[in-house]
Number of protein chains: 2
Amino acid sequence: MQERRTNRERSEGTTATLISTARRLFVERGYADTGTPDLVMAAGVTRGALYHHFADKRALFRAVVVVESRVIAEAVERAAPGGDDPVADLIAGGEAYLDAMAEPGRSRLLLVEAPAVLGTAEAAAIDAEHAGRTLREGIEAALAAGAIRPLPPAALVTLLGATYDRAALAIAEGAPRSDCTAVLAAMLDGLRT
Amino acid sequence: MQERRTNRERSEGTTATLISTARRLFVERGYADTGTPDLVMAAGVTRGALYHHFADKRALFRAVVVVESRVIAEAVERAAPGGDDPVADLIAGGEAYLDAMAEPGRSRLLLVEAPAVLGTAEAAAIDAEHAGRTLREGIEAALAAGAIRPLPPAALVTLLGATYDRAALAIAEGAPRSDCTAVLAAMLDGLRT
DNA sequence: GAACAGACATACAGTCTGTATGTAAGCTGA
DNA sequence: TCAGCTTACATACAGACTGTATGTCTGTTC
């Protein structure tokens, strides 16, 4: 019953197991309260494997954040592929974002722990390649179409993104989603031409 | 030259020294990278003193967060004591908030580390007693005066607060303040009746 | 198939946190 | 005023964790 595997398969399998296990534990207990001994035990490997594939615990956490960010961005893009009404796309993308962020623990991982562990700069850079990118594209499209007021795009992306982020966190902590979306809609109104 | 001090004076002096030293080090290096040995060395006391006055490292951090929050809230209240134009007060308070948050490291401490270390619930509770309270009062006044649309107050406070928070962080990281305030003003416009 | 590289497993060193114990100084009632 | 008590520390210790160094075994390559 010895399963014979190529080296590449071994590596990919081990890293995938580590990342998925880390994702679960970091979500359940948080980064600081998840020790690498526990983590590798749950993954069925040893700390040697972890430190062979990742520079340190932080690098593993970063990998988890990248995977989660990618999942979010894909969900948003699926919901708002970019039609002829940019503001409607923004709203649809926002709803999809809140849906994707409803996955338990995800908002804490991406919005609370990631900036603290990786630093705001690195966390923002990861976001800018994924969910943040979809928001930026949506805003640029709306600006180009003249649908929203000519404001600095970078600040628009940052502040509108922050609003959606905190809405996701609030909903995860039990706030009524309809209340949040009502306020979000009003704020978006203010950006309209 | 033995200075004779009452026990109460000793305690107050030691805790004050610990808190101010911790504030400096947590701001400079962050919570996780500030060890208690370093901290007490810088404060000129021993770890025994620290653990005599605080339950654990987290409790000391919490004390720092409370002090900083209080400073912010006082600055905001000084700038917006509550006049007859609630929206103008909101804007003035927001400016004061951004000013107060410009103190280097403060935004990271309060907006990034506090939620990660204390948890979002406890960080939000502390905020709700200080800066968050001033915002809530401002919004309630504006709602009562009919100056802004009748939206759920809790969601308004949360999401508008989030926008100001992220603006403070962005400014601390070099974003042009005028860009941020322009977008903030537009979003506030959306809330107006 | 021999040399090499990759993928781990194990052992170790350093550091940190929280606790338990010891001590000196303030406080308090008779 | 002083014996007894309490507060405010200082010191010593135990447990845990992170990152590194070293050893081994399997796949790969020439």
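Since we're looking at a predicted model, the values are computed, not measured.

**Examining the protein's contact with DNA strand D**
Residues in contact with DNA strand D amount to 21 residues; listed here are only the nearest, Thr6(A), Thr36(A), Tyr51(A), Ser11(B) and Thr46(B). Counting only the atoms of DNA strand D within 4 Å of the protein, the fraction contributed by sugar and phosphate is 65%. Here a phosphate oxygen of DNA strand D and a side-chain polar atom of Thr36(A) are 2.5 Å apart. Between Thr46(B) and DNA strand D, the recorded distance is 2.3 Å, taken from a side-chain N or O atom to a phosphate oxygen. Taken together, the residues of the surface near DNA strand D sort by class into three nonpolar, twelve polar and six charged.

**As for the pattern of salt bridges**
When their charged atoms lie close together, side chains carrying opposite charge are able to pair. Applying the stated criterion across every chain, the model contains 32 salt bridges over all chains. For Arg58(A), the salt bridge identified is with Glu122(A), shortest N-O distance 2.5 Å. Of the two residues, Arg58(A) is situated in helix H4 (residues 57–79) and Glu122(A) in helix H7 (residues 120–129); the sequence distance between them amounts to 64 residues. The salt bridge involving Arg192(B) is made with Asp189(B); its shortest N-O contact spans 3.1 Å. On the basis of relative accessibility, which here comes to 36%, the residue Arg192(B) falls in the partly exposed class.

**Quick look at the interface of chain A and chain B**
With 30 residues of chain A at the contact, the number on the chain B side is 30 residues. The junction of chain A with chain B conceals about 2,500 Å² of combined surface from both sides, 75% of it contributed by carbon and sulfur atoms. The tally of links between chain A and chain B comes to four salt bridges. Seen at the junction of chain A and chain B, the total is seven residue pairs in polar contact (both at pLDDT 80 or more). Mapped onto the side of chain A that touches chain B, the elements with two or more residues apiece are helix H6 (106–118), helix H9 (153–172) and helix H10 (177–191) of chain A. When the residues that make up the side of chain A that touches chain B are grouped by side-chain class, the tally is 19 nonpolar, five polar and six charged.

**Topic: the UniProt feature "domain: HTH tetR-type" (unreviewed entry) in chain A**
Per the UniProt record, "domain: HTH tetR-type" (unreviewed entry) is annotated on residues 12–72 of chain A. Taken end to end, residues 12–72 of chain A is 80% helix and 0% strand, and its first and last C-alpha atoms sit 22 Å apart.

Cut-off values and rules
- Residues numbered from 1 in each chain as written.
- Chains lettered and ligands numbered in written order.
- Predicted model: local features only at pLDDT ≥ 70, side-chain atom pairs only at ≥ 80, totals over all residues.
- Heavy atoms only, no water.
- Near = heavy atom within 4 Å.
- Polar contact = N/O pair within 3.5 Å; in protein donor to acceptor, adjacent residues only side chain to side chain.
- Nonpolar A, V, L, I, M, F, W, Y, C, P; charged D, E, K, R; others polar.
- Salt bridge = Lys/Arg side-chain N within 4 Å of Asp/Glu carboxyl O.
- Helix = DSSP H or I, 4+ residues; strand = E, 2+ residues; numbered from the N terminus.
- Buried < 20%, exposed > 50% of the residue type's maximum accessible area, 1.4 Å probe, protein only.
- Contact = heavy atoms within 4.5 Å.
- Buried area = accessible area lost by both parts, 1.4 Å probe.
- UniProt positions renumbered as here; feature names shortened; annotations may be inferred.

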